[in-house]
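# Overview (structure and organization)
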2 protein chains.
Amino acid sequence: MNRFLLTVEYEGTNYSGWQRQLNHKSVQEELERAIETATRQFSTVMGASRTDAGVHALGQRAHFDTNATIPSEKWPYVLNTLLPRDIRVSSCLRVHDTLHARFSARNKEYEYRYFNRRHHSATRRNFAAFVPLPMDIDLMRQAVVPLVGTHDFAAFQAAGGTAKTTVRTIHSITIDRQGDEIILNIAGNAFLYNMVRIIAGTLIGISQGKLPVDTFQQALESHDRLVMGITAPACGLTLVKIHYEGLP
Amino acid sequence: MNRFLLTVEYEGTNYSGWQRQLNHKSVQEELERAIETATRQFSTVMGASRTDAGVHALGQRAHFDTNATIPSEKWPYVLNTLLPRDIRVSSCLRVHDTLHARFSARNKEYEYRYFNRRHHSATRRNFAAFVPLPMDIDLMRQAVVPLVGTHDFAAFQAAGGTAKTTVRTIHSITIDRQGDEIILNIAGNAFLYNMVRIIAGTLIGISQGKLPVDTFQQALESHDRLVMGITAPACGLTLVKIHYEGLP
């Protein structure tokens, strides 16, 4: 058996998320179906991150094992002819069978986009969360400072999270404006369930003066989800990159 | 009667174009329906540019006349609650009834986007034309120089164009790369039918050395459409802005 690691892009709008589910369209199932068509054999596709419904990816990673003799550089062409247009395989690497897309991942990078204008955008409606009231980006930048580093992020987790430990390391957070869009970029070793969307939603409140600028500091100390703001909508979130040691 | 001038954004993917057509969804018809619902009176909506199926707009302009007493700053809110999510009214001005969205337009600006990478994009598939082979942007920049100025653009028109004169003025053309996308921006006093898409398609050939770098020069001299390249796909095109004298 050969193990391959794919880099996968998708628009999450029309999927119930990454993970296979009965009676719902998932990205995992579309990939498994394409690989089965190409190889005439079923292979489980294991994704690095189980993105929610509506969440997009530019750099999801996923591995699968196969006996098929298709070389790694051909896989993107083979699969892209079989996949729907809102899922694309952008690269494929042959990897050692000890590499696991999820458990070997060292760092992840997410981007959250707000569309901050009086009226929503016709063309960006599926790729950015609409925030009609003005957002103060200086307040946002000030607020996120305490998040960088290794902390217990227990307050930053949606009900239903199953993580054994809630300690995570955030390496960097940046916030920038590009025209009418505000882009939050966040990189860390791993993230709890809905953690980025809870940070993004809380930042809406902070940016409009509805939540104190030290909200994250309070949440890190109290471990209390209730001091935080809403979970921001899925459509604003994109999984940008997943990094493995020694791999491009 | 009061005349209002709207600024309209839309994603053209799911429409047969701007113009009303029997049995096809059009942007014009959606706006007319929303205005009729709001005012209980039918008003014809006259667009500045009759964009084709799949073409997008960030700054389409359109006027209509109504007896309704809704003030101009309320129109975007009223119409946006009635319009589908892929059409948004971003502003509204009360204008003199001699102003005509199409005939009073002084300048127009279009953007054409290419997605230039080996594999297409899952998230940008409806907003950029896929060009898998490398494009040389220096060749493109060199090629467009002769287009700027006032010329007879007879060779730059699709069959079916009904313009009385084919003389147009192009004020500026820029070509830039942003990650995997190449962006052609073109501003002029007016454009012939399919003119921007013919320029964009010809630039694909030029950028890959399949057409000579002086193709546009030849076409301006010979008036021969056949020296030019393909008409580039509609999805790459966005109507960015329409300018009227004395109006914001």
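Conventions used here
- Residues numbered from 1 in each chain as written.
- Chains lettered and ligands numbered in written order.
- Predicted model: local features only at pLDDT ≥ 70, side-chain atom pairs only at ≥ 80, totals over all residues.
- Heavy atoms only, no water.
- Helix = DSSP H or I, 4+ residues; strand = E, 2+ residues; numbered from the N terminus.
- Contact = heavy atoms within 4.5 Å.
- Domains from an automatic or database assignment.
- Buried area = accessible area lost by both parts, 1.4 Å probe.
- Salt bridge = Lys/Arg side-chain N within 4 Å of Asp/Glu carboxyl O.
- Polar contact = N/O pair within 3.5 Å; in protein donor to acceptor, adjacent residues only side chain to side chain.
- Nonpolar A, V, L, I, M, F, W, Y, C, P; charged D, E, K, R; others polar.
- Least-squares fit on C-alpha atoms with pLDDT ≥ 70 in both.
- Phe/Tyr/Trp six-rings, centres within 6.5 Å; stacked < 30°, edge-to-face > 60°.
- Buried < 20%, exposed > 50% of the residue type's maximum accessible area, 1.4 Å probe, protein only.
- Arc of directions from axis to C-beta.

Further remarks concern the environment of Ser72 of chain B. Turning to its location among the elements, Ser72 of chain B is positioned in the loop between strand E3 (56-66) and helix H2 (75-82). Every residue in contact with Ser72 of chain B, bar those within four places of it in the chain, is listed here: Phe4, Cys92, Leu93 and Arg94 of chain B.

Residues and elements named next belong to chain A. What the domain assignment reports for chain A is domain 1 (2-95) and domain 2 (107-243). Each of domain 1 and domain 2 was reduced to a C-alpha centroid, and the two centroids are 27 Å apart. Taken together, the contact pairs 15 residues of domain 1 with 15 residues of domain 2. Taken together, both faces of the contact between domain 1 and domain 2 bury some 1,200 Å²; the carbon and sulfur share is 54%. On the domain 1 side of the contact with domain 2, Asp52, Val55 and His56 bury the most area, a combined 40% of that side's loss. Where domain 1 packs against domain 2, one counts 1 salt bridge.

Our focus in this paragraph is the interface of chain A and chain B. At the junction of the two partners, chain A supplies 24 residues and chain B supplies 24 residues. With both sides pooled, the region where chain A packs onto chain B buries about 2,000 Å², and carbon together with sulfur makes up 50% of that total. When the area that chain A buries against chain B is broken down by residue, the three leading residues are His119, Thr123 and Arg125 of chain A, summing to 30%. Scanning the region where chain A abuts chain B turns up 4 salt bridges. Salt-bridge contacts for Glu11 of chain A lead to Arg125 of chain B; the nearest nitrogen and oxygen are separated by 2.7 Å. Inspection of the region where chain A meets chain B yields 9 residue pairs in polar contact (both at pLDDT 80 or more). Only strand E1 (2-10), helix H2 (75-82) and strand E4 (87-95) of chain A provide two or more residues apiece to the side of chain A that touches chain B. The class makeup of the residues in the side of chain A that touches chain B is 8 nonpolar, 7 polar and 9 charged.

Under the fitted operation, chain A is carried onto chain B by 0.0 Å of movement along the axis and a turn of 180 degrees, and the coordinates agree to an RMSD of 0.0 Å. When the rotation and shift are considered jointly, the pair of chain copies conforms to a two-fold rotation axis. Relative to the rotation axis, the closest C-alpha in chain A is found at Arg124 of chain A, a distance of 5.3 Å. A share of 100% of the interface residues of chain A reappears at the interface of chain B, consistent with the copies meeting face to face through the same patch.

With that settled, consider the packing of aromatic side chains. Residue and element names in this part refer to chain A. Taken as a whole, this structure holds 16 aromatic pairs over all chains when the rule is applied. Arranged with centres 5.1 Å apart and planes meeting at 80 degrees, the rings of Phe64 and Trp75 form a pair that is edge-to-face. You can see Phe64 sitting in strand E3 (residues 56-66) and its partner Trp75 sitting in helix H2, a full 11 residues away along the chain. Given the relative accessible area of 0%, Phe64 is considered buried.

Before going further, it helps to examine helix H5 (residues 215-222) of chain B. Residues and elements named next belong to chain B. Buried residues of H5: Thr215, Phe216, Ala219 and Leu220, and no others. Axial view of H5: buried residues confined to an arc of 135 degrees, hence all on one face. Those residues of H5 that are buried are in contact with helix H3 (137-144), strand E7 (149-152) and helix H4 (195-207). Directly beyond the C-terminal end of H5, a positive phi value near 60 degrees is found at His223.

Residue and element names in this part refer to chain A. The phi angle at Asn194 is positive, at roughly 70 degrees, despite the residue not being glycine. By secondary structure assignment, the location of Asn194 is in the loop between strand E9 (181-188) and helix H4 (195-207). According to the relative accessible area criterion, Asn194 is buried, its value standing at 15%.

Two side chains that carry opposite charge are able to pair once their charged atoms sit near each other. Residue and element names in this part refer to chain A. Counted according to the given criterion, the structure contains 24 salt bridges over all chains. For the salt bridge of Arg124 with Glu181, the shortest nitrogen-to-oxygen distance reads 2.7 Å. One end of the pair, Arg124, is in the loop between strand E5 (107-115) and strand E6 (129-130); the other, Glu181, is in strand E9, and 57 residues separate them in sequence. Among the charged side chains, a salt-bridge network with shared partners connects Glu111, Arg113, Arg124 and Glu181.

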